[in-house]
Amino acid sequence: MRFTFDGRPMTGEPGDTLAAALLRNGVRVVGRSVDLGRPRGIFAAGPEEPNALVRVGADPILAATTVELHDGLEARSLRGKGRVDLDAVDERRCDKGYLHCDVLVVGGGPAGLAATLAAGRSGARVILVDDQPRLGGDLLNSRLLLDGAPALDWVAGLDLPARVLTRTTAAGYYDHNYVLAVERRARGERLWHIRARRVVLATGAHERSVAFPGNDRPGVMLAASARAYANRYGVRAGRRAVVFACADSGYEAAEDLTAAGVDVLAVVDPRPSGLPADVEVLAGQVVTGTTADAEGVLTGVRAGARHFDADLLAVAGGWNPAVHLFSQSGGRTRFDEELAAFVPGTSAQAERPAGACRGLYGTREAIADGYAAGAEAAGRTVPGLRVPECGERPLRRPAALWLVERTPGSEPAFADLHRDVTVADLARATGTGMRSVEHVKRYTTAGTGADQGKTSGAVVVGVMSALLGAAPGQVGTTTFRPPYTPVSFATLAGRDRGALSDPVRTTALHDAHVARGAVFEDVGQWKRPWYFPRDGEDMEAAVRRECHAARTAVAAMDASTLGKIDIRGADAGEFLDRVYTNMYSTLAVGACRYGVMCGADGMVFDDGTTTRLADDHYLTTTTTGNAAAVFDWLEEWRQTEWPDLDVSFTSVTDHWATVAVAGPRARQVIAAVAPEAVELAFMRYASVPVLGVPGRVFRISFSGELAYEVNVPWRYGRALWEAVLELGAVPYGTETMHVLRAEKGFAIVGQETDGTVTPQDLGMGWIVSARKPDFVGKRSHARPDTARQDRKRLVGLLADDPAALVEEGAQLTAAGVAPMLGHVTSSYHSAALGRTFSLAMARNVSPGDRLTAVSGNVAHPVTVVEPVFYDPDNTRRDGDPLVESPAPYAGECRSESPAAAFAARFEAASTPRAHLREVPFEPMWEVRGTDPGAGLRLGPDWWLVTGDVPPRPGWVDVSGQRTVLELAGPAAHDVLITGCPIDLDPSVFPGHAQTLLAKTSVILERVSPETYRIYVRSSFARYLAEWLIDALEAL
Amino acid sequence: MTHPDFLWRNPDPKPAYDVVIVGGGGHGLATAYYLAKNHGLTNVAVLERGWLAGGNMARNTTIIRSNYLWDESAAIYEHSLKLWEGLSDELDYDLQFSQRGVLNLAHNLGDVREGRRRVNANRLNGVDAEWLDADEVKKFCPIINVSDRARYPVMGATLQRRGGIAKHDHVAWALARQADAYGVDLIQGCEVTGFEITGGRVTAVETSRGRIAAGKVALAAAGHTSVLAERAGIRLPLQSHPLQALVSELLEPVLDCVVMSNAVHVYVSQAHKGELVMGAGIDAYNSYGQRGGVHVIEAQMAAALELFPIFSRARVLRTWAGIVDVSPDASPIIGPTPVDGLYINAGWGTGGFKATPGSGWVYAHTLAHERPHPLAEPFALDRFTTGALIDEHGAAAVAH
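Keep in mind the model is a prediction, meaning the values are calculated, not measured.

1. Things to note about the overall build of chain A
Within chain A one finds 23 helices and 59 strands. Projected onto its principal axes, the C-alpha coordinates of chain A cover approximately 115 × 70 × 55 Å. For chain A, with 1035 residues in total, the buried portion stands at 63%. In chain A, of all internal contacts separated by at least 6 residues, the share reaching a separation of at least 24 is 65%. Accessible surface, chain A: about 37,400 Å² in total, of which carbon and sulfur atoms supply 50%. Measuring between centres, the 108 positive side-chain charges of chain A sit 3 Å from its 126 negative side-chain charges.

2. Quick word on the packing of helix 2 (residues 110–121) of chain A against helix 7 (residues 363–378) of chain A
Residue and element names in this part refer to chain A. For the pair helix 2 and helix 7, the least separation of the axes is 7 Å and the interaxial angle reads 35 degrees. The hand of the helix 2/helix 7 crossing is right-handed. Between helix 2, through Pro110, Ala111, Ala114, Ala115, Leu117, Ala118 and Ala119, and helix 7, the contact on the second element is made entirely by Thr363, Ala366, Ile367, Gly370, Tyr371, Gly374, Ala375 and Ala378. Residue composition of the contact of helix 2 with helix 7, by class: 12 nonpolar, 3 polar and no charged.

3. What about the sheet that holds strand 12 (residues 239–250) of chain B?
In space, the 9 strands of this open sheet follow the order 31(A)-16(B)-12(B)-15(B)-14(B)-13(B)-4(B)-6(B)-5(B), with mixed pairing throughout. Every interior strand has two partners, whereas the edge strands, strand 31 (487–488) of chain A together with strand 5 (130–133) of chain B, have only one. One ladder, built from 4 bridges, connects strand 14 (residues 266–270) of chain B with strand 15 (residues 275–282) of chain B; its direction is antiparallel. Residue Ser269(B) lies in a different strand from strand 15 of chain B, and its bridge partner there is Val277(B).

4. Description of the packing of aromatic side chains
This model, assessed by the stated rule, comprises 30 aromatic pairs over all chains. Taking 5.8 Å as the distance between ring centres and 90 degrees as the angle between the ring planes, the aromatic pair formed by Tyr77(B) and Trp348(B) counts as edge-to-face. With Tyr77(B) in helix 3 (residues 71–91) and Trp348(B) in the loop between strand 18 (342–346) and helix 9 (356–369), this pair connects stretches of sequence that are 271 residues apart. We classify Tyr77(B) as buried; its relative accessible area is 5%. One residue, Arg495(A), lies across the ring of Trp1027(A), its end atom 4.7 Å from the ring centre.

5. A few points about the interface of chain B and chain A
Interface extent is often summarised as the accessible area lost during association of the parts. Chain B puts 76 residues into the contact, and the matching count from chain A is 109 residues. For the pair chain B and chain A, the summed buried surface comes to about 7,900 Å²; carbon and sulfur atoms form 55% of the total. Counting every contact that joins chain B to chain A gives 11 salt bridges. For the salt bridge of Asp522(A) with Arg151(B), the shortest nitrogen-to-oxygen distance reads 3.4 Å.

6. Section: the pairing of strand 59 (residues 1011–1017) of chain A
Residues and elements named next belong to chain A. Most of strand 59 is tucked away: 7 of the 7 residues are buried. The alternating pattern of strand 59 places Thr1011, Arg1013, Tyr1015 and Arg1017 and Tyr1012, Ile1014 and Val1016 on opposite faces, both of which are buried. Summarising the sheet, strand 56 (residues 962–968) and strand 59 pair through 7 bridges and their orientation is antiparallel. Counted as the bridge partner of leucine 967 is tyrosine 1012 from strand 59. The pairing of strand 58 (residues 1000–1008) with strand 59 spans 6 bridges and is classified as antiparallel. Bridge assignment links glutamate 1005 to a residue of strand 59, and that residue is arginine 1013. Linking strand 58 to strand 59, which pair antiparallel, is a turn of 2 residues.

7. Some details on the domain arrangement of chain B
Residues and elements named next belong to chain B. Split by domain assignment, chain B resolves into domain 1 (16–60 + 168–237 + 328–396) and domain 2 (99–162 + 239–326). Counting residues at the interface gives 17 residues for domain 1, matched by 15 residues for domain 2. Roughly 1,200 Å² is buried in total at the junction of domain 1 and domain 2, and carbon and sulfur atoms are behind 52% of that figure. Interface area lost by domain 1 to domain 2 is led by Arg59, Gly223 and Thr350, which between them contribute 36%. Linking domain 1 with domain 2 are 0 salt bridges, by the criterion used here. Linking domain 1 with domain 2 are 8 residue pairs in polar contact (both at pLDDT 80 or more). Listing elements by their share of the side of domain 1 that touches domain 2, those giving two or more residues are helix 2 (56–59) and helix 7 (225–231). With 3 residues, helix 7 is the largest single contributor of residues to the side of domain 1 that touches domain 2. For the side of domain 1 that touches domain 2, a count of residues per class yields 7 nonpolar, 9 polar and 1 charged.

8. Looking at the UniProt feature "domain: SoxA A3" (unreviewed entry) in chain A
The UniProt record annotates "domain: SoxA A3" (unreviewed entry) at residues 413–495 of chain A. Here residues 413–495 of chain A runs as 46% helix and 8% strand, with 46 Å between its end C-alpha atoms.

9. A closer look at empty space enclosed by the protein
The method is simple in principle: a probe with the dimensions of a water molecule rolls over the atoms, and the space it marks as empty is what remains. Residues and elements named next belong to chain A. For the structure on display, the rule yields 8 cavities of 30 Å³ or more. Within this model, the largest cavity holds a volume of roughly 440 Å³. Secondary structure elements with two or more residues in the lining of the largest cavity: strand 25 (319–321), helix 6 (324–328), helix 9 (437–444) and helix 10 (457–468). The element best represented in the lining of the largest cavity is helix 10, accounting for 4 residues. Its residues assigned to classes, the lining of the largest cavity shows 11 nonpolar, 12 polar and 4 charged. In this model, the second largest cavity occupies a volume close to 130 Å³. Lining the second largest cavity are 15 residues, with Pro898, Phe921, Ser959, Arg962 and Thr963 sitting closest to its centre. For the lining of the second largest cavity, the element with the most residues is strand 56, which contributes 3 residues. Of the residues in the lining of the second largest cavity, the class split is 7 nonpolar, 4 polar and 4 charged.

10. Here's the deal with the sheet that holds strand 2 (residues 8–11) of chain A
Residues and elements named next belong to chain A. Sheet architecture is open: 5 strands sit in the order 2-1-7-5-6, paired in mixed fashion. With partners counted over all chains shown, the strands left at the sheet margins are strand 2 and strand 6 (59–63), one partner each. Ignoring strand direction, the axes of neighbouring strands in this sheet form an average angle of 35 degrees. Bridging between strand 5 (residues 53–56) and strand 6 involves 3 bridges; their strand directions are antiparallel. Of the residues in strand 6, the one forming a bridge with valine 56 is aspartate 59.

11. Things to note about helix 6 (residues 168–181) of chain B
Residues and elements named next belong to chain B. Taking 1.5 Å per residue, 14 residues should reach 20 Å; helix 6 reaches 20 Å between its end C-alpha atoms and fits that length. With respect to burial, helix 6 is a largely interior element, 13 of its 14 residues being buried. Where helix 6 ends, the next residue or the one after it, glycine 183, has phi of about 105 degrees, a positive value.

12. Structural notes on the nonpolar core
Among the nonpolar cores identified, the biggest contains 81 residues, and Ile21(B) and Leu29(B) are the most heavily contacted of them. In this view, Leu29(B) contacts Gly24(B), Val46(B), Leu52(B), Ala53(B), Ala172(B), Leu175(B), Ala176(B) and Leu186(B); residues no more than four positions away in its chain are not counted. Formed by 47 residues, the second largest nonpolar core is a distinct cluster that contains Leu492(A), Val259(B), Leu276(B) and Ala314(B).

13. Digging into the environment of Gly750(A)
Its place among the elements puts Gly750(A) in the loop between helix 19 (734–743) and helix 20 (778–781). Linking Gly750(A) and Pro731(A), residues 19 residues apart in sequence, is a C-alpha distance of 25 Å.

14. Re the domain arrangement of chain A
Residues and elements named next belong to chain A. The domain boundaries assigned to chain A delineate domain 1 (1–89), domain 2 (93–206 + 321–378), domain 3 (402–475) and domain 4 (900–921 + 959–1034). Centre-to-centre, using C-alpha coordinates, domain 2 lies 33 Å away from domain 4. Domain 2 puts 13 residues into the contact, and the matching count from domain 4 is 13 residues. Roughly 970 Å² of surface becomes buried between domain 2 and domain 4 when both sides are summed, with 44% attributable to carbon and sulfur atoms. The largest share of the area that domain 2 buries against domain 4 comes from Tyr98, His100 and Arg125, three residues that together contribute 48% of it. At the junction of domain 2 with domain 4, the criterion picks out 4 salt bridges. Between aspartate 985 and arginine 125 there is a salt bridge; the shortest N-O distance is 3.8 Å. Our enumeration of links across domain 2 and domain 4 arrives at 6 residue pairs in polar contact (both at pLDDT 80 or more). Secondary structure elements with two or more residues in the side of domain 2 that touches domain 4: strand 8 (95–106) and strand 15 (189–201). Examining the composition of the side of domain 2 that touches domain 4, we find that 6 residues originate from one element, strand 8, more than from any other.

About the criteria used
- Residues numbered from 1 in each chain as written.
- Chains lettered and ligands numbered in written order.
- Predicted model: local features only at pLDDT ≥ 70, side-chain atom pairs only at ≥ 80, totals over all residues.
- Heavy atoms only, no water.
- Helix = DSSP H or I, 4+ residues; strand = E, 2+ residues; numbered from the N terminus.
- Buried < 20%, exposed > 50% of the residue type's maximum accessible area, 1.4 Å probe, protein only.
- Contact = heavy atoms within 4.5 Å.
- Areas by Shrake-Rupley, 256 points an atom, 1.4 Å probe, with all protein chains shown as cover.
- Lys, Arg positive; Asp, Glu negative; His and termini not counted.
- Charge placed at Lys NZ, Arg CZ, Asp CG, Glu CD.
- Axes fitted to C-alpha atoms, helices over the stretch in contact; angles between N-to-C directions.
- Left-handed = near helix turned anticlockwise from the far one by under 90°.
- Nonpolar A, V, L, I, M, F, W, Y, C, P; charged D, E, K, R; others polar.
- Pairing = 2+ DSSP bridges.
- Phe/Tyr/Trp six-rings, centres within 6.5 Å; stacked < 30°, edge-to-face > 60°.
- Lys NZ or Arg CZ within 6 Å of the ring centre and 35° of its normal.
- Buried area = accessible area lost by both parts, 1.4 Å probe.
- Salt bridge = Lys/Arg side-chain N within 4 Å of Asp/Glu carboxyl O.
- Domains from an automatic or database assignment.
- Polar contact = N/O pair within 3.5 Å; in protein donor to acceptor, adjacent residues only side chain to side chain.
- UniProt positions renumbered as here; feature names shortened; annotations may be inferred.
- 1 Å grid on protein atoms, 1.4 Å probe; cavity = no way out; pocket = protein on both sides within 12 Å on 5 of 7 lines; lining within 4 Å.
- Points joined across faces, edges and corners; volume = space filled by probe spheres on them.
- Expected span 1.5 Å × (residues − 1).
- Core = buried A, V, L, I, M, F, W, Y, C linked by side-chain atoms within 4.5 Å.

Set out below in C-alpha cells:
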C-alpha cells in the first residue's frame, strides 16, 4: 500500500495503522509538540496516543495510531494542533442507528468475548462493540498460546451469538444505560445509540508512562505498544532497546521484542528484585535520563551510572484500567494500592466491569471474569464454558512509581506529552495553593489535550500525591467526560444536514407556489410564500400590486399553515372560557369569534378565531408559529389542572388546506367555488361543498375587506387554489397580509407583542372578560405593574416624510436621545394610503404627539396617531354585492396526495431489499373516549381508525392529516433503525407505535414481518420522503 | 501565559464572619473581592462545597457582551463590561480578555426586526452595537455560510465589537487571589447544610465543617440556589436545568470572533489555546445533576454545521454540563430575601459569566449598604409579585 507522509512516498502493509506504517518506514519524528516545539514520535499503539497527531487528507487532526492505512493516503505532520482545510468538501455521508439489547458488551478482548459468549448462549439479545477491525483485544498484540494454539485461533473458533460491531468505539455512556458508539464505515461514520438492559464494560487497560527526565524523546514508547508493533504488525520500533519495567508486562515486552529481532540491552526494574530473563535486569533501579542526537531522537538511556546506546526505550509504567465509560456512567472509582491504579468502585447503573477494566490483567482470569459477567448480565448461567489453558505467569505487584527526580541540568520530565506539561509545571501549580486535581489540570492544562489524559492522568495524580504528600486516592482523578475518543461534528449531526437539518413543512399548495415563482419566508419550520413577484418585480412592487388587488378586487392567500384544533366534549365551551380571555360557552352554533390567549403572567401568548361547529364541538385556529405550543398548552391545562373536564383536542392542521379569499369581489369567487356559502354573514361558518367536495367556509377577515377562509381536505387544496386564481384572485403572500392587517391596526403575536404585552396594551381591553370568574392570566392582570396606566400601548405613527419608511425596530424618543418611549413594531408602504405608516408600542404618548424614531444613524420625525389607518368604520367589511350569479366553477377538482411528487423517486430509490411507496388514499378518523373496536390505539382513550368503515358520531375526520408511506422488504428494518429510536424487535414491538422517525413524529405500523406503514403528518411528508430516499441510498 | 506563583491560602474556617458568601464561583469570588476593595469588609468567608470556581464558572463558554434589550439589563451588563475592560490591570492577571466582537445572527424576518430593535436600544443606552446585513456578516466572519440555500439562512446579525471572551479560570483565580490577599477566607470542601435563623434573622450557617456564625449570608450558588434557599425556608421562582457545552480538539486559528445564534442554539468561539468552544441550548427537563442528554449535542452539531460546514471534520473532544438557574423572565434576582440578613444573587441562567464583575460589584454594594445598589434595584425578588418583569426571553419567532 502506497501512502505519503509530508509528501514523501512510502509503502505499508495491509492491516497497518498509519503509525505502524510510519515505523515500518523508519519515521522517528512524526511531529512537534504543541508549546515547546520538541520533536515527538509515536508513543502508543491505540487511541491513547498523545504525540503522533497528523493531518490525514482533510481531517484536521487524527492520532496516527487510529488511522487504518489505505492506498493513496496522504498524511502530514502537525505541531499538536489541527488545521481546518477551508476548501475541503466533506463527502462522507454519516448517519445514525438505534439498537436495543439485553446485554451490551463493550470491548472484544478476552473478557468481552467471554461475556458475549456467556450472555448470548443464555438466550439474551447481545451486542458486542469493539474499536478494532478485528476482535481479540490484547490477544491481537500477543504471542500467547491458548490451549496450545495461537490465541487468535481461539478467537476465530468462537461462534458469537451476538450482533458484533467492529471498528466501533463506545464513546459515551449516558443515563439509563444509553451508550453512544461510533462505527467507522466506508461511506461515513454511523453513530449508534444503544439502549441496553445491562452493560458489561470489558474496556481493558491502558499502559502508563513514568515522569522521568527526557521521557518525551522520539524512541521512548510504551512497552506494550512496542510489543504490539512487533507482534501484530511485524514492525520493530527500534533496533536496540531498553525496557523500563515497573510492571511485569515489561518482561513480556522484552521477550517479544527479542523474538522480533530487537536487541534488548537491559530491563530496568524499580522493584527490589527482577524476574528471570534472557537479558540483564537492573533491579531496584530506575531510568534517570535519556540522550538524543541533534534532531532530538533517542540515542541512549541512563539508569543511574549506566548508559545504554539505544534507539528504543520501552516503558512499562504500570496499567490503568480504562474506567472512562465506567466513570461516565456515574460510577465512582477508587484507588487500589495493590494495583497502584484507579479501578471501578461503586456502580451507578446496571453495568459491570470485567477483565482488565477492573484490574484482572491475566488472560485466564479475564476470560473467567468475562464468563461470570456475561452470565450475571443475562441472569442465567449456561454450562459448558471452559477457560482455555495458557502458560502465563502470575503477575507481581507493580511499582507505584510516578516520577524520577530530575538532577540539575537534565531534560524536563513530562507528565502530559501532548500539552507539554512537566513535573515542574505541576509543582508550580501546587505551590500556588492549589490542592484540587481539577485546579491543577486547569492551571497546567494537563489532561486537556488530544488524548484527554489517557496517558497522563494517572501520572499527574501520582506526581501531585508526591508533591502534596497525600495518597493518590485522596488526590482523586478529574472527571472523565464523553466522548471517550473524539467524534467528528458531522458524525454527531448524522443525516441532519442541509435541507434535512430541520424538517421543512410545506402545504398542499406548495408546488403551485414554487411554480408561480413565489419567494418564501421561513415561519417556524414552514415555508410560506412571502410574495409572488411577476416579471422581475421587486418585493415593494409585488406587494403594492397584491395589496391593490385585495383592496380593490380579489386576492387569495395560502392560509393552510394556521394551526387548527378540533375541540370536542360537553365541557369544550367551559374549557375555552378558561384559556381565552373572552367567552366561548355563549357563542352561537355556526358563529366565529376572535380570541386572545394569555400566559399565566397575563401576557398575550396567542390569538386566533374559534368557531362553534356544534354544541359540544369547536374549531380553534392558532398562529402558524405557535400551533404546537398552543396544542401542548391546552393539553397541559387539561391533564394537569382540569382533568375533570370532558374535552379532547385533535390537531387537524394538516387535514385542511385553507385558502383565504379577500377583497370586495371575493363573493364572486365564493359564488363559483362554494355557491352555498355565498350568503354567509360576517363571522359565520358553513359546512358546504367546495368544488363539489365537503368543505368548510368561514367568513373571517384579517384585512378589513370582505373575506372568506375556504377549507378543503388536503388533497383538494391545490385544485381549490388553482380554481380561485383562475377565477381572478391575485395570489398574495405574508408580506401583503401584514400590510393589510396593519392598515387596519390588527396586531400580530410575536411582532407587536414580545411576551411583555397584555391584551389591554394592544387596546383590546374589550376582549378581556370582566364577568368570567377566572381565566389563565386574569390574576396577573391585577398585579400592580400589569395594572399600571402608563404601560406601553399600541399606537400608530406617521412619518413627516410620507415616502420615508421608518425601520421596524426603530426606537421612539422625544428628541432623539434616551429615554426610549417605545419602538416601531411594523412599518410598511401602503398602496391604499399612498404613503408609509407604522405601528408601535409606546408609553405616555397620545395622538398628535411628536416623536423621533431612531434607527441606526437615521432619525425620523413622526406623529402619533390612532393605530387604525384604513376604513376605521369597517364600511368595507361586506364588499361588493354579487354582480350576477357566476356559473359554478367548471374545472376539475383534482386530488393530489401529499407525496405524489415523489412517486418516481421512490421507485428509483427502491430495491428488492427495501421498497418505498405512498399508500393510496384511505379515510382516517381519530377517535376519543370509547374503544371503537378497530384501528390503532394511540394512547389512553385515543385511537386512529383507517379504511373503509362507516364513521360514528364524534369521530374526527383526519383523512388529510397524515399520509401513509409503505416501506417493505428484508432491509426495511435496517432503514428504520437509522431514524427510529424505539425497539422494533418483534419480541417487544407491539405492532404499532407513535414514535419519531428522523426529526418528525410518525405512527409506525408493522403490517407484516417485513412491511411497515409510516403515517406522517402531511406537511412533513416532503421532508420524510427526502430522508427516506437518503436512507435507502445508504443501505 | 505566566500565572502568579501564589494564589490563595487554604485556611480553616473561623467561628464567625461579618459576611459569609455561600458559593465560591465567579460571582461569589467577585462579591468577596469588591466587599473588601470597595467597602473595606474583609472579615468575610467564601464557602465552597467543592473546589473554587468548579461549577458554572468552570463550565461556561466564556462569552462576554452587554447588548441586552431592556434598559435595566443593558445598564447592569454594560457596567460589567466596563469593569471587564479594566479588570486584567486591576487584578494584575492576564485574563485573556479579548474584545473580538460578538455576532448574534438573525435567521428570519422576526429575528431581523428584533435584532434591529436591540441595536437601536443599545445605541441609545450607550452600548456599542451595529446591524450587519448578510454580506457584512460574511466580511466580518468569512467562514460563516451565508448561502440563501441554508435551511435557515443568515439574514443579518447584530455586532457588538466590544464583546468577546475571557479565560474563565484566570478570572476566578485572579479574583480569588486578590480576595485572599485582602484577608478573605476562601474555604473549599465546605458545604452549607443549613441556616440558623433566629427571630426572622439569619445568624449562622451550618456546614460540613461545623457552625459558622455570620452577620450576613449571601447566596451565590447558581444552579443550587433553590436547594439552599429551601433550607432557609424560602421558595424561589427558579428552575434549574442542565446546560451543555463542548470543545473540539486544538486547532490552528480559524475563527476570530464570537458567533451566537439563538434561533438554532449555536454559540461558538475559538479559545486562545485553539479549541472551538461551543454552547448548546438548555436541556429541557429540570435537574440538579451536572449531566445532559446527548441529543442536545447532536442537534447543536447539526445546527452548527449549517453555519460552519467547514467544521464537519472537526471533532468533539469533551462535553460537559453545568446547572443553570432560570427565572421566569430570564433575568437575575439580586437583593434581600424575606429572611433578614440573607441575600440572594441568582437566576443568571445561561448568561452569568459575562456579569461576573458587575454582579459582584452590585451585590457587594447591596450587602455593605443593606439596600440594593441602584443597578440591582430592578432585579429585586418582589418583581414576580408586582409584575415588573424584565423579560429578556425576547420575542418569540413571529407567529402569524
